There are 2 protein chains.
Amino acid sequence: MTTLSPTPRSTLTRKKNRAATDRQALYDVLDAALICHLGLVLNGSPVVLPTGYGRDGDTLYFHGSTGSGNLRAAAEGIDVCVTVTLLDGIVYARSLNNHSMNYRCAVVHGTAKLTTSAAEKMHGLKVVTEHLAPGSWEHARAVNDKELAAVAVLSLDLGEASVKIRAGEPGEEPEDEHSDHIWAGVVPVQTTFGAPVPASYVPIGSPLPAHVSRAPGR
Amino acid sequence: MTTLSPTPRSTLTRKKNRAATDRQALYDVLDAALICHLGLVLNGSPVVLPTGYGRDGDTLYFHGSTGSGNLRAAAEGIDVCVTVTLLDGIVYARSLNNHSMNYRCAVVHGTAKLTTSAAEKMHGLKVVTEHLAPGSWEHARAVNDKELAAVAVLSLDLGEASVKIRAGEPGEEPEDEHSDHIWAGVVPVQTTFGAPVPASYVPIGSPLPAHVSRAPGR
């Protein structure tokens, strides 16, 4: 199994037992989530914004308007941190101190690059689209030249990443072992999809395309 | 309605129509989500980590181990950015370029403060606990002195915040108006809770406490 080749800033210093060290664990988290949180430094201050993304091999792609100051900053070769989190459960322990969350989290550090060729931009857009709305790339109207010019597509190498996972039962202290009057366990948390809602201008009776009814997780 | 008193870094520069400007919108987003993403700058690089939180009036509270380097850095009075995102839907437009997401997002900028008095620490822990696991503060074993000493509790003022919301139908271009062969609409996305799973050491037949069966969203 290929390891994640951690650097100091991607090596967990605490709760090391929660660190996953193979690349497949990284891919699994990135492929399972829908959005990421992109962090960058603007005028010395951190900025964290939610955004769509997609993965192709060891590359993450993002996109945004060329008018976005944050995207422009990220494209200028500054460090970014991309964090993807899946919340899996609320962990009720017998002690308040051991209350916790079950989760899977990937943190990627690196320098985002602006894609320049039209072919690479188009590829990045396809990866991002197919992550969020698989099947739309074939179904919907293609990106035209004017639209392509107005979008910035960034890529980020997955070389420096860490994965942290908590799963399973609560941890408990020995002193709480016999406190059977206190409930302990996990309330699972899931992301679920509702029934697709057609836009008001879609003719009544239009069939729901298979790629929409087969949206991930449903 | 009290406004959010935006500063330059909390004023939206794009898609201004998605900006909510009253404090209730901020509270609603912060109260509806379960986790936030905390961004800070360490050694010049951005770091974004998921964490629990809770709100009391115009103060957010976080906690973590006193051994956490990130928490220690945040406690030293450096700028942080806290982002809370609720993904509400995947927006399928007739053009790929108008594909989007429905979401509610709050971004808070400020300087986190380390709470020092035992009373304020305990209050912050209660706020964080009751956000994630309402009812646990009364039900579970209280935090003892040793546990309290090992936890760092941070507070962040909500004075500098922005809220961005996208909801409703896809946007479309005039050229796609008659493309009735392309489906358009929204696939709703929700966070849902599964049936509580008791820990293996909970005696069979133990009743599920009301505060767990009434977990938020269920």
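Reading the values: the criteria
- Residues numbered from 1 in each chain as written.
- Chains lettered and ligands numbered in written order.
- Predicted model: local features only at pLDDT ≥ 70, side-chain atom pairs only at ≥ 80, totals over all residues.
- Heavy atoms only, no water.
- Helix = DSSP H or I, 4+ residues; strand = E, 2+ residues; numbered from the N terminus.
- Buried < 20%, exposed > 50% of the residue type's maximum accessible area, 1.4 Å probe, protein only.
- Contact = heavy atoms within 4.5 Å.
- Areas by Shrake-Rupley, 256 points an atom, 1.4 Å probe, with all protein chains shown as cover.
- Core = buried A, V, L, I, M, F, W, Y, C linked by side-chain atoms within 4.5 Å.
- Least-squares fit on C-alpha atoms with pLDDT ≥ 70 in both.
- Buried area = accessible area lost by both parts, 1.4 Å probe.
- Salt bridge = Lys/Arg side-chain N within 4 Å of Asp/Glu carboxyl O.
- Phe/Tyr/Trp six-rings, centres within 6.5 Å; stacked < 30°, edge-to-face > 60°.
- Pairing = 2+ DSSP bridges.
- Polar contact = N/O pair within 3.5 Å; in protein donor to acceptor, adjacent residues only side chain to side chain.

- As annotated in an unreviewed UniProt entry, chain A is Pyridoxamine 5'-phosphate oxidase family protein from Amycolatopsis acididurans.

Considerations on the overall build of chain A
Logical step 1: When you go through chain A residue by residue, the secondary structure sums to six helices and 12 strands.
Logical step 2: Burial status across chain A gives 52% buried among its 218 residues.
Logical step 3: Restricting to contacts in chain A with at least 6 residues of sequence separation, those with at least 24 account for 72%.
Logical step 4: Summing over all exposed atoms, chain A offers an accessible surface of approximately 9,600 Å²; the carbon and sulfur share of this is 54%.

Some thoughts on the nonpolar core
Logical step 1: Counting 42 residues, the largest nonpolar core has Leu34(A), Ile90(A), Tyr92(A), Leu34(B), Ile90(B) and Tyr92(B) as its most contacted members.
Logical step 2: Every element with two or more residues in this core is listed here: strand 6 (79-92), strand 7 (100-111) and strand 11 (185-193) of chain A together with strand 6 (79-92), strand 7 (100-111) and strand 11 (185-193) of chain B.

Here we look at the relation of the copies chain A and chain B
Logical step 1: Note on the identical chains: chain A maps onto chain B by a rotation of 180 degrees and an axial translation of 0.0 Å, with an RMSD of 0.0 Å. Expressed as an axis order, the relation between the two copies is that of a two-fold axis. It is Thr191(A) whose C-alpha, among those of chain A, lies nearest the rotation axis, at 2.3 Å.

What to know about the interface of chain A and chain B
Logical step 1: Facing 88 residues of chain A, the contacting portion of chain B comprises 88 residues.
Logical step 2: Here chain A packs against chain B, burying approximately 7,100 Å² in sum over the two surfaces, 65% of which is carbon and sulfur.
Logical step 3: Looking at the side of chain A facing chain B, the largest losses of area belong to Leu96(A), Arg141(A) and Trp183(A), adding up to 12% of the total buried there.
Logical step 4: In this assembly, chain A and chain B are joined by four salt bridges.
Logical step 5: The residue Arg141(A) makes a salt bridge to Asp176(B) at a minimum N-O spacing of 2.8 Å.

Some remarks on the packing of aromatic side chains
Aromatic ring pairs are defined here through the distance separating the ring centres and the angle between the ring planes.
All names here are of chain A.
Logical step 1: Applying the stated criterion across every chain, the model contains two aromatic pairs over all chains.
Logical step 2: Measuring from centroid to centroid gives 5.9 Å for tyrosine 92 and tryptophan 183, while their planes differ by 70 degrees, and the two rings are edge-to-face. Taken as a pair, tyrosine 92 in strand 6 and tryptophan 183 in the loop between strand 10 (160-166) and strand 11 lie far apart in primary sequence, 91 residues in all.
Logical step 3: Judged by relative accessible area, tyrosine 92 falls into the buried class, the value being 1%.

Some remarks on the pairing of strand 3 (residues 45-52) of chain B
Residues and elements named next belong to chain B.
Logical step 1: Among the eight residues of strand 3, six are classified as buried, and the element is accordingly described as predominantly covered.
Logical step 2: Where strand 2 (residues 35-42) meets strand 3, eight bridges bridge the pair, whose relative direction is antiparallel. In the sheet register, leucine 42 faces strand 3, and the bridge partner there is serine 45.
Logical step 3: Counting the residues that bridge the hairpin from strand 2 to strand 3 gives two residues, and of these asparagine 43 lies at a positive phi of roughly 55 degrees.

Side note on helix 1 (residues 23-32) of chain B
Logical step 1: Within the span of helix 1 of chain B, buried status applies to Arg23(B), Ala25(B), Leu26(B), Tyr27(B), Val29(B) and Leu30(B).
Logical step 2: The distance from a side-chain oxygen at the start of helix 1 of chain B to the backbone nitrogen of Gln24(B) is 3.2 Å, and the residue carrying that oxygen is Asp22(B).

Regarding the environment of Thr59(B)
Residue and element names in this part refer to chain B.
Logical step 1: By the element assignment, threonine 59 lies in strand 5 (residues 59-65).
Logical step 2: Residue classification places threonine 59 among the partly exposed positions, given a relative accessible area of 21%.
Logical step 3: Considered as a pair, threonine 59 and glycine 124 are 65 residues apart in the sequence and their alpha carbons are 9.6 Å apart.
Logical step 4: If we ignore the near neighbours within four places in the chain, the residues touching threonine 59 are Gly54, Ser155, Leu156 and Leu158.

Side note on the pairing of strand 11 of chain A
Logical step 1: Judged from the four bridges that link them, strand 6 of chain A and strand 11 of chain A form a sheet pairing that is antiparallel. In the sheet register, Tyr92(A) faces strand 11 of chain A, and the bridge partner there is Gly185(A).
Logical step 2: Sheet topology note: the strand 11 of chain A/strand 11 of chain B ladder contains five bridges and is antiparallel. Opposite Phe193(A), over in strand 11 of chain B, you have Val189(B) as the bridge partner.

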